[in-house]
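Architecture at a glance
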Amino acid sequence: MDGLPDPARAEAPHQDIPRGVPLAVRRGQPTVWLNPHRAPTADGLPTRAVSLADVEAALARWRRFEPLLARLFDELETGRIDSPLRALSEPVARRVLGGAGGTVWVKADHELPVTGCIKARGGVYEVLVYAEALAREAGLLGPREGYARLAEPEARRVFGAHTVAVGSTGNLGFSVGVMARALGFRVEVHMSRDAKAWKKRRLREIGAEVVEHAGDYGSAVAAARTGFQGRPDAHFVDDEDSLDLFLGYATAAFDLRRQLAEAGVTVDRDHPLFVYLPCGVGGAPGGVTLGLKLLFGDAVRCIFVEPVAAPCMLVQLAAGLERTVSVYDVGLDNRTAADGLAVARASMLVARMVRGLIEAVATVSDDALHAWLRDLWHAAGLRLEPSAAAGFAAVRPFLTALPPPNPARATHVVWTTGGALLPEAEFQKALRGSAAEPAAE
Ligand SMILES: Cc1ncc(COP(=O)(O)O)c(C=O)c1O
């Protein structure tokens, strides 16, 4: 199996291995880490940097842009970027739950229109924030002008004089790239050299410039951040440190609340909602978690899911340190087939926000990701990339680790975060359970 660290390296006596990171995690074994810092929502939320009013304002911005989005993208009739909530059939749900009670739903962000992945929620949103600011500055958004005007040549000329840059494992770059190119921006995406070749190809096809870096995803982000510092004609979308990205993700909570209500699903103390979220740098699952906590309080319990070789959020939270801690620091190698989750250092912004809010972090093996990817394709027709299957692999281990009583009347939502736009050959490779794609062609 790819993704497992060299055991000798994992057990090497590191000078300052942060205490608190369980040995099983350091050995690359699937683990459930129940978060000892979790606090009642009412205690956790008021000190956070994001309030319900901020998320509502972000939602209002999405709504303002709907006419423009509908004009730019044929598939967006209503201009709304949201995904279906799908019920899993009983036999599949039973396999996912492994004998525990409850129902299982899939929040199908792998089908999210335009980009086919959860990163659109943050990435598209941040481009809209930038475009809106530039358009206002240029006097293009007066009180009588609708947002559809931003597709006109005059606005494109303004945007065309600016660059949107981003460091990405692939999906954020694509989301930012698609949106920014559609508005006429120049786009630069910084990626690690071993990021998936097809993701780089796809970016070049939409007219983005792809800059490759020798190190991992974190070094690509750092290099781009430095390169774009202080440039008045550019905006750098900082995957590790952006409140706008976070807010874009957080608005997804409103979609899920509406869909659960439409499906007649009750969420309260006696009917808890468990949400399983694949975690890379942490922005997407962190934003969604904050949004859900603001709407459902203690009735919702969020579980982050990471590959055994790249549990950056687990390591950061378990270490309990103010400084950043990487998976390399605990002897892991960050090699996983789940390329969207191959992140060595968590966002500190997100780690601080979610520290008291999340229920647990579960780590899962690449073999488990592939097994669930196959199962969900054959049994439920879900076309997922490896990262997006992570949630399924975490449900049973999490429920087993959860202290009794078993929450029999629970609703489980597994967030599938990407995959619908995977090229057929890549999907077939993922179905075969191939190891991580080697370095770019
Ligand atoms: C498919 C997929 N799922 C989940 C994530 C995790 O998002 P984040 O890095 O914001 O934690 C990513 C990140 O790129 C992704 O591509």
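Residues numbered from 1 in each chain as written. Predicted model: local features only at pLDDT ≥ 70, side-chain atom pairs only at ≥ 80, totals over all residues. Heavy atoms only, no water.

**Thoughts on unusual backbone geometry**
Excluding glycine, most residues fall at negative phi; most peptide bonds, likewise, are trans. The omega torsion of the bond from Pro404 to Pro405 falls at 0°, within 30 degrees of zero and hence cis. Inspection of the secondary structure assignment puts Pro405 in the loop between α17 (390-401) and β11 (411-416). The phi dihedral of Val114 falls on the positive side, at around 75°, and the residue is not glycine. Along the chain, the position of Val114 falls in the loop between β3 (103-108) and α6 (119-137). Non-glycine residue Asn334 carries a positive phi angle of around 65°. With respect to the helices and strands, Asn334 occurs in the loop between α14 (312-319) and α15 (348-354). For Asn334, a relative accessible area of 8% translates into the label buried. (Helix = DSSP H or I, 4+ residues; strand = E, 2+ residues; numbered from the N terminus. Buried < 20%, exposed > 50% of the residue type's maximum accessible area, 1.4 Å probe, protein only.)

**Some words on the pattern of salt bridges**
Evaluation of the coordinates by the stated rule reveals 30 salt bridges. For the salt bridge of Lys199 with Asp339, the shortest nitrogen-to-oxygen distance reads 2.9 Å. Here Asp339 lies in the loop between α14 and α15 and Lys199 lies in helix α9 (residues 197-205), a separation of 140 residues in the sequence. Classification of Asp339 by relative accessible area gives buried; the value is 11%. When salt bridges with common partners are traced through the structure, they connect Asp82, Lys107, Asp109, Arg121, Asp255, Arg258 and Glu262 into a single cluster. (Salt bridge = Lys/Arg side-chain N within 4 Å of Asp/Glu carboxyl O.)

**Examining the layout of surface pockets**
Rolled over the atoms, a probe as big as a water molecule pinpoints where empty space is left. Each pocket or cavity is described by its volume, and for the second largest pocket that value is around 260 Å³. Around the second largest pocket, the lining is made up of 19 residues, and of these Arg225, Glu240, Thr324, Arg345 and Ala346 lie nearest the centre. Elements that contribute at least two residues to the lining of the second largest pocket include exactly α10 (217-228) and α15. Broken down by class, the residue content of the lining of the second largest pocket amounts to 9 nonpolar, 4 polar and 6 charged. Taken domain by domain, the lining of the second largest pocket gets at least three of its residues from each of domain 1 (7-115 + 246-432) and domain 2 (119-240). (1 Å grid on protein atoms, 1.4 Å probe; cavity = no way out; pocket = protein on both sides within 12 Å on 5 of 7 lines; lining within 4 Å. Points joined across faces, edges and corners; volume = space filled by probe spheres on them. Nonpolar A, V, L, I, M, F, W, Y, C, P; charged D, E, K, R; others polar. Domains from an automatic or database assignment.)

**Considerations on helix α11 (residues 243-250)**
Burial of α11 is extensive: 6 of the 8 residues sit out of reach of the surface. By the burial criterion, the buried members of α11 are Leu245, Phe246, Leu247, Gly248, Tyr249 and Ala250. Among the residues of α11, the N-terminal cap falls to Ser242, whose side-chain oxygen and the backbone nitrogen of Asp244 are separated by 3.3 Å. (Polar contact = N/O pair within 3.5 Å; in protein donor to acceptor, adjacent residues only side chain to side chain.)

**Things to note about the domain arrangement of the chain**
Along its sequence, the chain is carved into domain 1 (7-115 + 246-432) and domain 2 (119-240). Centre-to-centre separation of domain 1 and domain 2, based on C-alpha positions: 25 Å. Across the contact, 43 residues belong to domain 1 and 32 residues belong to domain 2. Roughly 3200 Å² of surface becomes buried between domain 1 and domain 2 when both sides are summed, with 62% attributable to carbon and sulfur atoms. Put simply, domain 1 and domain 2 have 8 salt bridges between them. The salt bridge involving Lys199 is made with Glu385; its shortest N-O contact spans 3.1 Å. Taken together, domain 1 and domain 2 are joined by 16 residue pairs in polar contact (both at pLDDT 80 or more). (Contact = heavy atoms within 4.5 Å. Buried area = accessible area lost by both parts, 1.4 Å probe.)

**With respect to the packing of aromatic side chains**
Here the structure, examined in full by the defined rule, presents 8 aromatic pairs. Where Phe65 meets Tyr147, the ring centres are 4.8 Å apart and the plane angle is 80°; that geometry is what we call edge-to-face. With a gap of 82 residues between them, Phe65 in helix α4 (residues 52-72) and Tyr147 in the loop between α6 and α7 (153-160) connect regions that are remote in the sequence. Residue Phe65 is classed as buried on the basis of its relative accessible area, which comes to 0%. For Tyr147, a relative accessible area of 10% gives the class buried. Taking the centre distance of 5.5 Å and the plane angle of 25° together, the rings of Tyr130 and Phe185 count as stacked. Of this pair, Tyr130 sits in helix α6 while Phe185 is found in the loop between α8 (171-183) and β5 (186-192), placing the two residues 55 residues apart along the sequence. Both residues of the pair, Tyr130 and Phe185, belong to the buried class. Through successive ring pairs, a cluster of aromatic residues spans Tyr130, Phe159 and Phe185. (Phe/Tyr/Trp six-rings, centres within 6.5 Å; stacked < 30°, edge-to-face > 60°.)

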